[in-house]
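So you can see what is in the structure, the chains are spelled out below.
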Amino acid sequence: MIYEEIAKGIPEKNIHVNENMSKHISFKVGGTADFFIEVDDVPQLIYILKLAKSIKMKTYILGNGTNIIVKDEGFRGIIIKPNFKHLNIEKGKIAAGAGIPVAILSNFAYRNKIKGYEFLSGIPGTVGGAVKMNAGAYNSEIKDVLVNTTYLDEKYNIVKIENNAHNFSYRKSIFFDKKWTILGSTFKIEEGNIKEIKEKMSQMTEARKEKQPLELPNAGSIFKRKENCIPAALIDKAGLKGYKIGGAQISEKHAGFIVNTGNATSKDIIKLIKHTQKTIKEKFNEDLELEVIIL
């Protein structure tokens, strides 16, 4: 019955039942979602959100699945993936849909001789996810280039907010505390030298390859940095580099990353996270706060 109701407002090709979430999560782990729905436009998004509310089903908006762990038990509800992928220059700004990977945004800026987006070239998330968590690398953050964001509020109104209304902080924005869905954002344009842009992107890519375990499934940095607290340094100092539970391992290349060595489960990863937090608390009296979301 629920499938039939969903199909009244969503194309059947976009409806996936009992979808294995390991296919959509960068860690390559996780159980099934009751429904995995791709939405191609705002009316479809509103339809599925209203339907879910009326039948009291939980929802979660998913980007590229690069900063999330879905438990082995799966997700009892509807996971919604917005396919909002416009990317163009409008009125002197870059306009990008929430579903555009930020690496593509970075490359688009490069091709149009726009500087300031080099840091995004190796980040695997989408525009929506990057804005929500104020993604950043190499001393730059999304707040540095963002102009405004358009979102759907909890009453299904389309609203636009400017940069300063995002309440940006380290890996956080207003979207963490609200039941709003990001539709897209616009970004600054600052003309640059294409050779210099390319060189900077190449340097950052090489640095990532050298320092990060890109060859194994992971979700990026597991713990948030704090003032005077670099999690990777503490984890290394505690002797946990390379520590393994099941198929989950603290990366030998970068102690701030946990990797799936091939047969990890979500349970393995969560156990390893908790063991790391407990060890760091005992040894250094520091509380490591998660950067990833456990669903």
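Residues numbered from 1 in each chain as written. Predicted model: local features only at pLDDT ≥ 70, side-chain atom pairs only at ≥ 80, totals over all residues. Heavy atoms only, no water.

*Asks:* In this structure, what is going on with the packing of helix 3 (residues 102-111) against helix 5 (residues 194-211)? I would like to understand it.
*Replies:* The packing of two helices is summarised by the inter-axis angle and the distance between the axes. Look at helix 3 against helix 5: their axes get within 9 Å of each other, and the N-to-C directions meet at 155 degrees. For the element pair helix 3 / helix 5, the angle class is roughly antiparallel. From helix 3, Ser106, Asn107 and Tyr110 reach across to helix 5, where they touch Ile194, Ile197, Lys198 and Met201. Per-class residue counts for the contact of helix 3 with helix 5 are 4 nonpolar, 2 polar and 1 charged. (Axes fitted to C-alpha atoms, helices over the stretch in contact; angles between N-to-C directions. Helix = DSSP H or I, 4+ residues; strand = E, 2+ residues; numbered from the N terminus. Parallel < 35°, antiparallel > 145°, perpendicular 65-115°, else oblique. Contact = heavy atoms within 4.5 Å. Nonpolar A, V, L, I, M, F, W, Y, C, P; charged D, E, K, R; others polar.)

*Asks:* Quick question: what am I supposed to make of the sheet that holds strand 15 (residues 248-250) here?
*Replies:* Pairing between sheet strands relies on hydrogen bonds along the backbone, with the strands arranged either parallel or antiparallel. The strand order 13-16-15-14 describes an open sheet built from 4 strands, whose pairing is antiparallel. Of all the strands in the sheet, the pair left with one neighbour each is strand 13 (218-221) and strand 14 (244-245). The sheet contact formed by strand 14 and strand 15 spans 2 bridges and is antiparallel. Along strand 15, the bridge assignment pairs Lys244 with Gln249. Packed onto the sheet, helix 7 (residues 266-284) meets strand 14, strand 15 and strand 16 (257-260) and runs at close to 30 degrees relative to strand 15. (Pairing = 2+ DSSP bridges.)

*Asks:* How should the layout of surface pockets be read in this particular structure?
*Replies:* Here the second largest pocket is characterised by a volume of approximately 170 Å³. Taken together, 13 residues make up the lining of the second largest pocket; nearest its centre are Lys115, Gly116, Tyr117, Asp144 and Val145. In terms of residue class, the lining of the second largest pocket is made up of 5 nonpolar, 2 polar and 6 charged. (1 Å grid on protein atoms, 1.4 Å probe; cavity = no way out; pocket = protein on both sides within 12 Å on 5 of 7 lines; lining within 4 Å. Points joined across faces, edges and corners; volume = space filled by probe spheres on them.)

*Asks:* Help me out: how do you make sense of unusual backbone geometry in this one?
*Replies:* Positive phi values are uncommon outside glycine, yet Asn18 reaches one of about 45 degrees. Along the chain, Asn18 falls in strand 1 (residues 15-20). The backbone of Asn139 sits at a positive phi, close to 65 degrees, despite the residue not being glycine. Structurally, Asn139 can be placed in the loop between strand 8 (136-137) and strand 9 (140-141). Asn139 sits in the exposed class, given a relative accessible area of 83%. (Buried < 20%, exposed > 50% of the residue type's maximum accessible area, 1.4 Å probe, protein only.)

*Asks:* Hey, could you run me through the nonpolar core in this one?
*Replies:* The nonpolar side chains of soluble globular proteins are, as a tendency, buried together. Met21, Phe27, Leu62, Ile79, Ile235, Ile258 and Ile269 are the most contacted members of the largest nonpolar core, which totals 35 residues. Counting only elements with at least two residues in this core, the list comes to strand 2 (32-39), strand 4 (68-69), strand 5 (75-82), helix 6 (231-237), strand 15 and helix 7. Considering each element in turn, this core owes the most residues, 5 residues, to helix 7. Of all hydrophobic cores here, the second largest spans 31 residues; its members include Leu105, Val131, Met133 and Val145. (Core = buried A, V, L, I, M, F, W, Y, C linked by side-chain atoms within 4.5 Å.)

*Asks:* Would you mind going over the packing of aromatic side chains with me for this structure?
*Replies:* Centre distance and the angle of the planes are the two values used to describe a pair of aromatic rings. Per the stated rule, a full pass over the model turns up 4 aromatic pairs. Their ring planes at 85 degrees and their centres at 6.2 Å tell us that Tyr117 and Phe187 sit as a pair that is edge-to-face. Linking Tyr117 in the loop between helix 3 and helix 4 (127-132) with Phe187 in strand 12 (residues 181-187), this pair joins segments that are 70 residues apart in sequence. On the accessibility criterion, Phe187 (0% relative accessible area) is buried. Here Tyr151 and Phe175 contribute two aromatic rings whose centre-to-centre distance is 5.5 Å and whose plane-to-plane angle is 80 degrees, an arrangement assigned as edge-to-face. Residue Tyr151 is located in strand 10 (residues 146-152), and its partner Phe175 is located in the loop between strand 11 (158-162) and strand 12; the two are separated by 24 residues in the primary sequence. (Phe/Tyr/Trp six-rings, centres within 6.5 Å; stacked < 30°, edge-to-face > 60°.)

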